[in-house]
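What the coordinates show
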Amino acid sequence: MNKVTVKIANHEYTIVGEEKREYLLQLAAHVDEQIEATAKANPKLSQVMTAVLTSINIADEYYSEVRKNLEFKKTLSEPIKELEDCQNQIKSLERVIALKDDELGKKDIKIEEWKVLATEKDNEITSLKSNIIETEHRLIEAEEIVNDFQNRLYELQLKIVDLEEKK
């Protein structure tokens with residue numbers, strides 16, 4: 001608790017408050033300046049009337065500042081609300097992005113699985129092609145053997161016919 005003695009309108013007053021001493025002295029100086037200004041502007045007023053008029057002027061200043069403060073808060077409240085809305089949208093979009101990242105990760109895993117499967121199938125196709133080529137070679141060899149046997153059979157048939165004619 002701070003206690004200061006001040007002089008306002010040539011009268012000493014003791015002010016007690018929780019605010020700092022310097023602040024209390026500033027308040028008293030402001031009131032004294034306002035009373036002095038009111039007295040100079042209205043020299044015919046009594047000391048009580050001067051104090052009342054000064055009080056009204058100070059109250060007017062105070063309420064004017066309160067009104068300005070409220071208006072300022074109103075002007076700030078809309079951008080603050082918009083900012084909060086934007087922050088909420090950002091959080092919502094971040095959640096969507098996280099979900100999409102998760103989905104993308106799962107799809108990347110699927111793609112890798114499909115790549116492995118495709119590689120296995122490619123290897124299987126290569127193996128089957130190799131088997132087909134090998135089988136075609138065997139088929140050609142078998143056809144040659146069959147042709148060779150057919151030729152021998154024909155020759156043998158001709159020999160049989162010759163032998164039967166010679167008999």
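The model shown is predicted, which means the values in this text are computed figures rather than measured ones.

The next thing to look at is the overall build of the protein. Check the secondary structure of the protein and you find 2 helices and 2 strands. Starting at the N terminus and walking to the C terminus, you meet the elements of the protein as β-β-α-α. Radius of gyration (C-alpha) of the protein: 55 Å, far over the 15 Å computed for a compact globule of 167 residues. Looking at the protein as a whole, 6% of its 167 residues qualify as buried.

Soluble globular proteins tend to bury their nonpolar side chains together. Membership of the largest hydrophobic core is limited to 6 residues, which are Val 4, Val 6, Ile 8, Leu 24, Ala 28 and Ile 35. Among the elements of the structure, β1 (2–8) and α1 (21–41) are those that each provide at least two residues to this core. With near-sequence residues (within four places) excluded, Ile 35 lies in contact with Ile 8, Ala 9, Thr 50 and Thr 54.

This part takes up the pairing of strand β2 (residues 11–17). In terms of strand pairing, β1 meets β2 through 7 bridges, oriented antiparallel. Counterpart to Asn 2 in the pairing with β2 is Gly 17. A loop of 2 residues connects β1 with β2, the two strands running antiparallel in sequence, and Ala 9 in this loop sits at a positive phi of about 50°.

A few words on the environment of Ile 8. As for its placement among the helices and strands, Ile 8 is situated in strand β1. Relative accessible area serves as the criterion here: at 12%, Ile 8 is assigned to the buried category. It is 9.3 Å that separates the C-alpha atoms of Ile 8 and His 30, two residues lying 22 residues apart in sequence. Here Ile 8 is in contact with Tyr 13, Ala 28, Val 31, Asp 32 and Ile 35, once residues within four sequence places are set aside.

A complete count under the given rule lists 9 salt bridges for this structure. In this structure, Lys 106 engages Asp 102 in a salt bridge whose closest nitrogen and oxygen atoms are separated by 3.5 Å. Linking Lys 106 with Asp 102, this pair stays in helix α2 (residues 47–166), spanning 4 residues, or about one helical turn. For Asp 102, a relative accessible area of 42% gives the class partly exposed.

With that settled, consider the packing of α1 against α2. Any two packed helices are characterised by the angle at which their axes cross and by the distance between the axes. Their axes nearest at 9 Å, the elements α1 and α2 cross at an angle of 120°. Viewed along their axes, α1 and α2 adopt a mutual orientation that is oblique. Two packed elements cross with a definite hand, and for α1 against α2 that hand is right-handed. Seen from α1, the contacting residues are His 30, Val 31, Gln 34, Ile 35, Thr 38 and Ala 39; seen from α2, they are Thr 50, Leu 53, Thr 54, Asn 57, Ile 58 and Glu 61. Residues belonging to the contact of α1 with α2 are distributed by class as follows: 5 nonpolar, 6 polar and 1 charged.

Conventions adopted
Residues numbered from 1 in each chain as written. Predicted model: local features only at pLDDT ≥ 70, side-chain atom pairs only at ≥ 80, totals over all residues. Heavy atoms only, no water. Helix = DSSP H or I, 4+ residues; strand = E, 2+ residues; numbered from the N terminus. Rg over C-alpha atoms; globule rule 2.2 N^0.38 Å. Buried < 20%, exposed > 50% of the residue type's maximum accessible area, 1.4 Å probe, protein only. Core = buried A, V, L, I, M, F, W, Y, C linked by side-chain atoms within 4.5 Å. Contact = heavy atoms within 4.5 Å. Pairing = 2+ DSSP bridges. Salt bridge = Lys/Arg side-chain N within 4 Å of Asp/Glu carboxyl O. Axes fitted to C-alpha atoms, helices over the stretch in contact; angles between N-to-C directions. Parallel < 35°, antiparallel > 145°, perpendicular 65-115°, else oblique. Left-handed = near helix turned anticlockwise from the far one by under 90°. Nonpolar A, V, L, I, M, F, W, Y, C, P; charged D, E, K, R; others polar.

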